[in-house]
Amino acid sequence: MTTPPRRLHIKSLPEAHLFLLLALVIGIFAGLSVVCFRILIEWLRIWLLGSALLPAFPRVVVVPAAAGLAVGIIALALFPRVSGSGVNQTKAAVYIYDGYIPFRTVVGKFITSAIAIGSGQSLGPEDPSLQIGAGLASLFGRKLNLSREKMRLVAPIGAAAGLAAAFNSPITAVLFVIEEVIGTWSAGVLGAILLAAVSATVVSQWFLGGEPLFRVPAYHLAHSSELIAYAILGAIGGFISLAMVKLVMYLRTRLRAMPRWSWYLQPAMAGLAIGIIGLKVPQVMGAGYDYIDHAMREQYTWQMLIGLALLKIVATAMSFSSGTPGGLFAPTLFIGAMLGAAVCAVERMVLPGITGPMGAYALIGMGTLFAGFLRAPMTSVFMIVEISGDYSIVLPVMISNTIAYLIARRFQHTAIFEVLSHQDGIILPSMEEQREAAVQRVELAMKGVDVVCTGADTVNQALARVNAAPAEHFLVALQGDHWTTISKQLLISLQAEGSSDVPLQAVVGFDPPLPTLHPDQPLDAALRVIHDRPLLPVVHRAHASRLVGTVTLEDVLEAYRMGASAA
Amino acid sequence: MDPVAVKRGGVLAVLLVALVPAFAFTSLVTRLYHQRERVLAEDWLRRGEAALGSGRPDEAVDDLRTALVFSHEAPSFRLRLVDALVQANHPVEAHAQLTTLLDQQPGSGTINLQLARLAARAGDLQEAARYYDSAINGIWDANAEERRRAVRLEFASWLLQRGEPARAQAQLIALSADLPPGSPLETQVGQMLVDAGSPRRASELFADVLRRNPRDPAALEGAGVAAFQLGDYAAARRHLAAAAQTHELSPGRRDMLETATSVLTLNPFARRLSSAERSRRSRSAFGIARARLSECAQTAGVNLDDPESTDEMRALSATADQLEPQLRPPAFARDSDLLDSVMTLVFRVETATAARCGQPRGADLALLLLGREGRNSDQ
């Protein structure tokens, strides 16, 4: 008698494990997509503008304009969601659309951004890569029928993967997504994001090599007073960032206010203007990474460096505001590099003995603009350290970036991504505001302790203590640092029953212990655990048996009310 | 069976399978692009080198920058760009490019040499010395020993141009010790040792060359010059005369030969001379010095007949007047100190007139040299 074949039981893969596996797959596909995206940009650049670093006339003028026209028509007619950098679109997917990014958007972004950047529009490939990665992740998540909660997380995972592959810097990508897109460091999503970013980077390096975006000269601080120069760079960078934001805001508002038919032509007009600039200054076209390298090699005079920075600001504002799909990362780095190099060049004229290599200033300049314009201070610091591979640069980076960030924030409260989303009529949570929002803590709500009973107290002893107190419920300290409550009413009832000498341990010892709070915890931690309990103990972190206060639901609500009034 | 699980399994399986064509496609695209990049890099390199060869360095710089981008910053491309930058007079950028290369290959002899040349061009002695040393001790791809010698020679040559003979000497001594026998650099190094103020070592080097090839023109000439500087006028005349038979000497060398000959013929202290010959030579020297004194006094406006004059030349002239009546052969035979007295006066006259009226020529120069070298210039 033969044994019947065993049935194949397909067990449900736990969603957490599925998520990690998915993160790996997302990372690989995002890496492959970004590799193809970058190559397509380069192919198009060579095909449209020629292989020379300095494109010849009339290509330099005609190509950006013609390509801009094509992009404008394609984007508006076929792929209406591809405009913009991609960062806000990914955030919108997370916070509004439950992680949904149409695949059509991914295809459209891929094609239109490649044409735009390859034809010389002053935009970068990183932000579109972020959106492409997010879109792929969204597609995979939908096909796998992930829960809504997981769908909201899958887009940032793809975003980190896409950005990591584009930038060849996984740490920067992870930090940026956490800092700007999801604003949380929860362990569950962090692991998946890291996995996706690393796998995407590995794929990208497999095909395109592990060379860094720029060859940065070895950094050394020529003199400690050089830090003053970096501080000055930070101040200048802060004001330049401010100017950039204002310009983009102004231009985008004006262009979007124009009739809709003009939107088809705006990328072409931007392309034409950039092409005209490119006749004399072709460095402002495209992403501009090659020219960042030139600046680091001291190829330009300080006048040229300042000119490049200013023209790039204008070109980028035109490209971006016209609705041309493409990113802001690369132009930001370009402007920062030129600015940093210019500061170095000027400083050398004044203080030649204490000025370090221009490459270092250009590098720090990049971080400065990143912090001031994109308002991602933590990402900007780690980005520079990751790009340079030199930890010793962290001090000037932090000085410069912090100053730029503070200046930019002081005079322009709303960050650029938030500005753009407001202009689009979307209210997305501001990660910056979340970071800087004052956290209300338990210590604000807790009250002092009047009476505490112990498990060893008898009913009579306890009643003697609580009789004078106005409260109705009281804490009882049990063995093993456990806490529970007892009401005055219950004590009176027990006394009436003749249980006056019964220790409280016997009365309430079998109740489940109360969850404890700590003074530094956010107030919402109290809300999550208080349920219908009359009060909760607030204990010292180092000594769990040491009571520092109590908190009731009313106390918590009162604290929130007071916090709202203060705001 | 859980349909969701089945679907998820299916989707995952599809995704995993789809990785294969995705990788294949990306690989194909990447390979095609890299091939295109290589072609473009080579093409722009050729253009750049053509422009460089045609004397258009600025155009070459643009072309080679483009080549560098497509080559993914291959070191060989960067080095060509550096050549173009140097020729186009962009030393700052050239330095930056070389620094980048040096970060990648700190021991490279080629890169250190380029940096040394940049520093030398900028006149930075410390930097140039540092990089030249690094180049000499650096790693070379082929013919390392020859390259090192060439670099050391270049360094020494530059030091001589910079007026650093002592440092040049150190390099040349090290180089001469390192030269294999029969090296074509021997005579060049010898010449440079003479220029660096080390005629003795130069002489030894030339002697080695002449031992192998007694008729080597450059070695003969060099040996003659070295001997002249050492005060060995007999050897100097011998070598220079031999050199003159192999090739035409330069005017300076001809003068040197004549001077050496004059020293030998005018020297009354030479060995194996008869007293008559000594007398004749000393009287001849006296006459030459007297004429020089008169000529120089006339040029300097000194009246040699003025008894009140305190000028040194007047004093010398007075001494000569006193000595002249004694200049007869019998007097030399009788008075062994007369020769010394005459020649001492001659040397004083030549020294004083050299200081007043400039470096002498011909016989006067010979007498001056004779006075400096003492009595050891022998025939």
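Scroll up a little and you will see the structure.
Residues numbered from 1 in each chain as written. Chains lettered and ligands numbered in written order. Predicted model: local features only at pLDDT ≥ 70, side-chain atom pairs only at ≥ 80, totals over all residues. Heavy atoms only, no water.

A. Examining the packing of helix α7 (residues 170-182) of chain A against helix α16 (residues 377-388) of chain A more closely. Residue and element names in this part refer to chain A. The interhelical angle for the contact between α7 and α16, taken along N-to-C directions, is 180 degrees, at an axis separation of 9 Å. Judged by the angle between their axes, α7 and α16 are roughly antiparallel. In this structure, α7 contributes Pro170, Ile171, Thr172, Leu175, Phe176 and Glu179 to the contact, and α16 contributes Pro377, Met378, Thr379, Phe382, Met383 and Glu386. A class-by-class count of the residues in the contact of α7 with α16 yields eight nonpolar, two polar and two charged. (Axes fitted to C-alpha atoms, helices over the stretch in contact; angles between N-to-C directions. Helix = DSSP H or I, 4+ residues; strand = E, 2+ residues; numbered from the N terminus. Parallel < 35°, antiparallel > 145°, perpendicular 65-115°, else oblique. Contact = heavy atoms within 4.5 Å. Nonpolar A, V, L, I, M, F, W, Y, C, P; charged D, E, K, R; others polar.)

B. Region of the structure containing the interface of chain B and chain A. Listed per partner, the contact involves 40 residues of chain B and 41 residues of chain A. Contact between chain B and chain A buries roughly 3600 Å² in total, counting both sides, with carbon and sulfur atoms accounting for 69%. When residues of chain B are sorted by the area they lose upon contact with chain A, Arg8(B), Leu15(B) and Tyr33(B) head the list and together hold 18% of the total. Counting the contacts that link chain B with chain A gives zero salt bridges. Put simply, chain B and chain A have six residue pairs in polar contact (both at pLDDT 80 or more) between them. Looking at the side of chain B that touches chain A, the elements with two or more residues in it are α1 (3-53), α2 (57-70) and α4 (91-104) of chain B. Examining the composition of the side of chain B that touches chain A, we find that 23 residues originate from one element, α1(B), more than from any other. In the side of chain B that touches chain A, the residues fall into 21 nonpolar, nine polar and ten charged. (Buried area = accessible area lost by both parts, 1.4 Å probe. Salt bridge = Lys/Arg side-chain N within 4 Å of Asp/Glu carboxyl O. Polar contact = N/O pair within 3.5 Å; in protein donor to acceptor, adjacent residues only side chain to side chain.)

C. Inspection of empty space enclosed by the protein at higher detail. On inspection of all chains with the given rule, the structure shows five cavities of 30 Å³ or more. As for the largest cavity, its lining consists of 48 residues, and the residues nearest its centre are Glu42(A), Leu213(A), Tyr289(A), Asp290(A) and Val69(B). Contributions of two or more residues to the lining of the largest cavity are made by α1 (15-49), α4 (103-118), α8 (187-208) and α12 (289-296) of chain A together with α1, α2 and α4 of chain B. The element that contributes the greatest number of residues to the lining of the largest cavity is α1(A), accounting for six residues. Split into classes, the residues belonging to the lining of the largest cavity amount to 23 nonpolar, twelve polar and 13 charged. (1 Å grid on protein atoms, 1.4 Å probe; cavity = no way out; pocket = protein on both sides within 12 Å on 5 of 7 lines; lining within 4 Å. Points joined across faces, edges and corners; volume = space filled by probe spheres on them.)

D. Examining helix α6 (residues 148-167) of chain A more closely. Residues and elements named next belong to chain A. Over its 20 residues, α6 runs 30 Å from end to end, which matches the ideal 28 Å to within 8%, given 1.5 Å per residue. Within α6, 16 of the 20 residues are buried, which leaves it mostly tucked inside the rest of the structure. Just past α6, the residue Asn168 takes up positive phi, approximately 60 degrees. (Expected span 1.5 Å × (residues − 1). Buried < 20%, exposed > 50% of the residue type's maximum accessible area, 1.4 Å probe, protein only.)

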